[in-house]
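Reading the structure
These are the residues of each chain, in order.
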Amino acid sequence: MTAAILRAEHLKKSFGTLQAVRDVSLEVREGSCLGLLGPNGAGKTTTIEMLEGILRPDSGRILFRGEPLGPLSRERCGIQFQHTALPDYLTVREILALFSRLYPTSVPMDELVRLCSLSEFLDQDTHQLSGGQRQRVLLAVALVNQPELIFLDEPTTGLDPQARRNFWSLIRRIKQRGSTILLTTHYMEEAYELCDEVAIMDRGVIIAQGAPDALLKQHFQGVAIQMPKEDFEKAYWKDENQRTALQPFAVDDQVEIQTGNLDDTLRVLLDAGTPLSRIRIREQTLEDLFISLTGKEIRA
Amino acid sequence: MSTRTPSALGRIAAVFDARNREYLRDRSAMAWNFLFPVLVVMGFAYAFSGNPQPLFKVGVLVPAGATLESLREQAPFLSTPQVEWVAIPEQEGSTSRDQAFRKLTHHAFDLLWAPGRYWLNETSPKGQVLERLIRSQSPNSTRETVQGRAVRYVDWLISGLLAMNMMFSAFFGVGYNIVRYRKTGVLKRLKATPLRAWEFLVAQVGSRITLLMVVSAIVYGGTHALVHFQMVGSYIDLAFVLLLGATCLVSLGLLVASRISSEEFASGLLNLLSWPMIFLSGVWFSLEGTHPVVQTVAKIFPLTHVIDAARAIMLDGASLAQLLPQIGALATMTVVFLAMGAWSFRWD
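Because the structure is predicted, anything quoted here is derived from the model rather than measured.

The rules behind each value
- Residues numbered from 1 in each chain as written.
- Chains lettered and ligands numbered in written order.
- Predicted model: local features only at pLDDT ≥ 70, side-chain atom pairs only at ≥ 80, totals over all residues.
- Helix = DSSP H or I, 4+ residues; strand = E, 2+ residues; numbered from the N terminus.
- Buried ≥ 20, exposed ≤ 12 C-beta atoms within 10 Å, placed from the backbone.
- Contact = placed C-beta atoms within 7 Å.
- Core = buried A, V, L, I, M, F, W, Y, C linked by C-beta atoms within 7 Å.
- Domains from an automatic or database assignment.
- Pairing = 2+ DSSP bridges.
- Right-handed = clockwise from strand over helix to strand, strands pointing away.
- Nonpolar A, V, L, I, M, F, W, Y, C, P; charged D, E, K, R; others polar.
- Axes fitted to C-alpha atoms, helices over the stretch in contact; angles between N-to-C directions.
- Expected span 1.5 Å × (residues − 1).
- Arc of directions from axis to C-beta.

Considering the overall build of chain B
Assigned secondary structure in chain B consists of 13 helices and six strands. Seen through its principal axes, chain B has C-alpha atoms that stretch 90 × 40 × 35 Å. Counting across all 348 residues of chain B, residues that qualify as buried make up 41%. Relative to all contacts within chain B whose residues are 6 or more apart in sequence, the contacts with residues 24 or more apart total 80%.

Here it is in structure tokens:
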């Protein structure tokens, strides 16, 4: 087990009467990628901004390499905020030069350009960039000081699926260089693809934490059966307990049943006369885990 | 990977450089800064280029205890209808006498008269016509002369325009820009770097003052080439006054922007500050003769002191020593604005 590069203990933060973060403790291990997951309003951004040193917690403490946040963490961390504009009328090259001059240590521009694939628009004004290009520039800015810890706050929100996948490969490349990453996202697939460990947040607290596969194994056994609600309603149950035992879960016009024994469950459904021609069987995901833990869907 | 010693000066230089580039690439703002004053000067130079009104204007120094009417009984020519006779009460230590002589120097008066003597601007043809009128009726009057070119409205206006241009550039180039940076998250991004707040502010103020001085020099040179306005004082003194004025106005813009995160509110506040200054600081017209309350209120505005000082240098050749009240007011305001702005500044 590697040492923690960042440690947060009992963080709390309120805005007026709203308790955005109620009690969060976590550790980010050196060389790992930790995903902070949850729907909008779960407290992810408030938590990450406290960890970045942008927001001051009402209580609790944060240590970067054993020291309170300050000049050391500002020099050695890289941040990509969820909403950031770049100075107008500057080219990508000039933006990178500006930020690299603010740090005592900087990555050569050629290396950043290659790593983040910026060569096509290096001399273009930042306001002429597409969403995906802009996110790559913001990531390059976050990497400009060869950071030991990189914060990525919902880096792919608003990107089209192709741009999102391109961004994922970029983050994988950065991971391969041994960087430590703390990522927030509300895309469960993104967390599964990129994170070694995830912490699921809801209503200002972490409700589950661990490696994605380990969490799924811990909470689920087997697969999920999905069918149209109208098909499920056609079943005739001799005993209402049979229906309850399946624990059907409604999602829009679909019904989902989690099962550890697919054969038995299908047999029960057939015996009850449920049409099975439109069923879908799939493995459980982090999204299922979230629904199971909170009783609600991940909201975009 | 390259490593260097962290330096506050290096970080200030980086932000200074980036801000200058932003300004130079913002074509619309730059065009406004350069073209607006030049077009206004040219417009007024053209508008006032026709023949002056055929009316004589004479200042009459009225001794204490006398009135213009009582003087007319002794000197009937003071009732000549084609001449506008302007009474100037003469009192011990009064500034109105000095102002009357300045007006004679600038051809705002064609002649200045007092019982038993008169003063004439040797370069004023109208003054020589009036002299004949006076000597025909009062041949024993003592003749004295002053010298000075006629001050056209455009000569008088140029210092106000330079200062007003500086004010807009300072307010909107620093004040509005910082608010926009804050709203869009640029400041938050910079906060996450080793850059400290004072370094950022020094870079912003330094960049804008440098650009203001360069723009003012170009506008000055351009308008001078076009209309050849008067400049009788020292260029170094004028540059010093404009530099101090620019620093003061930029500091005021910084103070406005120190906490606000709404562009609309910042814009409203900056307009609320700038418009009274445009009308009450003597950009377009002199406040001489206005209600004393208006003249007192005008002294609250930094623009008034910049314009007064610049105008005195350009038209009267005033030295910095003579402008200590204006310089003192500007320096005090600068320190107060800068201290309050830096103290209340927040990144987000």
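Some remarks on the overall build of chain A
Scanning chain A from N- to C-terminus turns up 12 helices and 15 strands. For chain A, the spread of C-alpha atoms along the three principal axes comes to 75 × 45 × 40 Å. Residues classed as buried in chain A amount to 37% of the 300 residues present. Within chain A, counting contacts between residues at least 6 apart in sequence, those at least 24 apart form 73% of the total.

Here we look at the nonpolar core
With 141 residues, the main nonpolar core has A140 and L182 of chain A together with A310 of chain B as its most contacted residues. With 16 residues, the top contributor of residues to this core is helix α6 (residues 153-184) of chain B. Not counting residues within four places of it along the chain, the set of residues in contact with L182 of chain A comprises V28, L34, L36, I48, L51, L149 and F151 of chain A. Of all hydrophobic cores here, the second largest spans 17 residues; its members include L61, L111, W113 and L120 of chain B.

So, the domain arrangement of chain B
Once the domains are mapped, chain B shows domain 1 (9-46 + 152-344) and domain 2 (56-146). Taking the mean C-alpha position of each, domain 1 of chain B and domain 2 of chain B sit 40 Å from one another.

Focus on the pairing of strand β9 (residues 180-185) of chain A
Residue and element names in this part refer to chain A. Most of β9 sits out of view: six of its six residues are buried. Neither face of β9 is left uncovered, since the one carrying T180, L182 and T184 and the one carrying I181, L183 and T185 both have all their residues buried. Taken together, the five bridges between strand β3 (residues 33-37) and β9 define a ladder with parallel strand orientation. When the bridges of β9 are listed, L36 appears paired with T184. On the question of chirality, the crossover connecting strand β8 (residues 149-153) to the parallel β9 by way of helix α6 (residues 161-176) is right-handed.

Side note on the interface of chain A and chain B
Contacts between the two partners involve 27 residues from chain A and, on the opposite side, 24 residues from chain B. At the level of elements, α2 (71-76), α3 (92-100) and β7 (105-106) of chain A are the ones that each hand at least two residues to the side of chain A that touches chain B. Its residues assigned to classes, the side of chain A that touches chain B comprises 16 nonpolar, five polar and six charged.

Some words on the sheet that holds strand β3 (residues 83-89) of chain B
Residue and element names in this part refer to chain B. Within the open sheet, the five strands sit side by side as β3-β2-β4-β5-β6. Their pairing is mixed. The open sheet terminates on both sides in strands that have one partner only, identified here as β3 and β6 (142-146). Across the sheet, the mean angle from the axis of one strand to that of its neighbour is 25°, orientation sign disregarded.

Observations concerning α6 of chain A
Residues and elements named next belong to chain A. For α6, with 16 residues, the first-to-last C-alpha span of 23 Å sits near the 22 Å given by 1.5 Å per residue. Those residues of α6 that sit buried are F167, I171 and I174. What you see down the axis of α6 is that its buried residues fit within an arc of 55°, all on one side. Residues of α6 that are exposed and point over 90 degrees away from its buried face: P161, Q162, S169, R172 and Q176. Buried-residue contacts for α6 involve α5 (131-143), β8, β9 and α7 (188-194). In the segment just after α6, G178 is the residue with positive phi, at about 90°.

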